[in-house]
Amino acid sequence: MAILAEDSATMSETASARITRHAGILSGQLRSLATTLFPPSASKSLRSFTSGEVARIAGVSDGYLRQLSLDGLGPTPATGTGGRRSYTLGQIHELREYLATARPREAMEFLPRRRPGDKLQIITVANFKGGSAKTTTALYLSQYLALAGFRVLAIDLDPQASLSAMFGYQPEFDIGANETLYGAIRYDEHRRPLREIVRPTYFDGIGLVPGNLELMEFEHTTPRAMVERRERGHDLFFRRVASAIDQVADEYDVIVIDCPPQLGYLTMGALNAATAMLVTIHPQMVDVASMSQFLLMTSDLMSVIEEAGGRLDHDFIRYVITRHDPNDVPEAQIVALLRTLFGSDVLQATVWKSTAIANAGLTKQSLYELERGAVGRGAYDRALESVDAVNAEIAQLLKKVWGR
């Protein structure tokens, strides 16, 4: 009888009420899972890096690091069983500072931050096709650049907030009202400085502007503001993202924006703010066909921005091939087609389809956060090599813009 009563109650439940109930159940389960994965405070932390990893990241030999440690120079690593040395990411940054001072001729390599006169680089990662690894690309690029010594701000402009979740924030619980970029670009008296919204992350060197469903408010309030003509100059809707970023520009070298999967007012603001654009592509024919529509719509949006007085002087636009199986013949043909059509605008390196990346994502982690053995050494090494190759190309493009 109890079961029949429950079924009856469920049958009388409205569709919206049922979806709301399901959302609450799922949110609670996700929060419980996060607490289990990251006890006791349910917040993420980053592992230490072996001396071999640090040598590769910093561009020196393991023997050189060992000698520095013996001489008491640079940061003091932790020593484990068998004399194995390990460094935190904070210590890797300290090591870069030391090396830049001790070896001034190579200072630019050890500490590649922008110098006076170098403009802030703002990279948008965009595509409205699901499954193109847009958020994964933004995450790995942010973390790669932080490991390389850049000061990075990651901005989650997607109301679904997957990037925020990867950095350990559950949007519906951890991100309150006025705590997304919307708080810095809204039209009323509750607008606040972006500096107050930026959150620290467990990944030293990366700040985060988190996202959640609140970002959709900008899509709703912008048409009203346009009708009421409340916008002038820098307050024009497509300039608001850039104006907010200007408030913290001196504190970062690179800003990575994970755009929403639709071409709305938020995306227009991101495109206007950007100095560069990455378009992710999964090399399947249905995805390439979808990308054709995405490019046409993006072109129309850019024209609207330019006609309204915006400037879209992107230093580079590149296509990033993701989830690529190099042994798949049809995929290889599509990659060849893209290279024929777009030439050097397609990155030479591709991100390989990998169970290592997928398995890491199951626990809201990246390969940079996992130990090699956690997902199989061979799969880990192959996947990381492909990710590093893509991000290294992008880093070189950034340096080229700065004249290096």
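This structure is a prediction, so every number in the text was calculated from the model and none was measured.

S.K.: Kindly report on the packing of helix α13 (residues 265-273) against helix α14 (residues 285-307), identifying the contributing residues and their values.
M.R.: Look at α13 against α14: their axes get within 10 Å of each other, and the N-to-C directions meet at 70°. As far as their axial angle goes, α14 and α13 are roughly perpendicular. In contact with M268, L271 and N272 of α13, α14 contributes T298, L301, M302, V304 and I305. Its residues assigned to classes, the contact of α13 with α14 shows 6 nonpolar, 2 polar and no charged.

S.K.: A description of the environment of F110 should follow, citing residues and the corresponding values.
M.R.: Mapped onto the elements, F110 comes out in helix α6 (residues 107-110). The exposure class assigned to F110 is buried, which follows from its relative accessible area of 3%. Placed 11 residues apart in sequence, F110 and L99 show a C-alpha to C-alpha distance of 6.5 Å. If we ignore the near neighbours within four places in the chain, the residues touching F110 are A58, V60, R96, L99, A100 and R103.

S.K.: Describe helix α11 (residues 216-227), and please don't skip the residues or the numbers.
M.R.: Given 3.6 residues per turn, any residue in an α-helix points the same way as the ones three and four places further on. Inspection of α11 places F218, E219, T221, T222 and A225 among the buried residues, and these make up the whole buried set. Contacts made by the buried residues of α11 are with α10 (182-185), α12 (240-246) and α13.

S.K.: Requested: an account of the sheet that holds strand β4 (residues 121-126), with residues and values cited.
M.R.: Pairing within the open sheet is mixed, and its 7 strands lie in the order β6-β7-β5-β8-β4-β9-β10. In this open sheet, the two strands that pair with only one neighbour each are β6 (199-200) and β10 (316-321). Of the pairings in the sheet, the one linking strand β5 (residues 152-156) to strand β7 (residues 206-209) comprises 4 bridges and is parallel in character. Note on β7: the bridge partner recorded for I155 is V209. α14 contacts β4, β9 (276-281) and β10 of the sheet and is inclined by roughly 155° relative to β9.

S.K.: Could you give an account of the nonpolar core, with specific residues and numbers?
M.R.: Ranked by internal contacts, the top residues of the largest apolar core, which has 68 residues, are L145, F167, F203 and L367. The leading source of residues in this core is helix α17 (residues 377-401), at 10 residues. Not counting the four nearest positions on each side in its chain, F203 is found in contact with L46, L89, Q143, A146, L147, F167, Y368 and E369.

Rules behind the numbers
- Residues numbered from 1 in each chain as written.
- Predicted model: local features only at pLDDT ≥ 70, side-chain atom pairs only at ≥ 80, totals over all residues.
- Heavy atoms only, no water.
- Axes fitted to C-alpha atoms, helices over the stretch in contact; angles between N-to-C directions.
- Helix = DSSP H or I, 4+ residues; strand = E, 2+ residues; numbered from the N terminus.
- Parallel < 35°, antiparallel > 145°, perpendicular 65-115°, else oblique.
- Contact = heavy atoms within 4.5 Å.
- Nonpolar A, V, L, I, M, F, W, Y, C, P; charged D, E, K, R; others polar.
- Buried < 20%, exposed > 50% of the residue type's maximum accessible area, 1.4 Å probe, protein only.
- Pairing = 2+ DSSP bridges.
- Core = buried A, V, L, I, M, F, W, Y, C linked by side-chain atoms within 4.5 Å.

Purely geometric stuff here, so don't read any function into it on its own.
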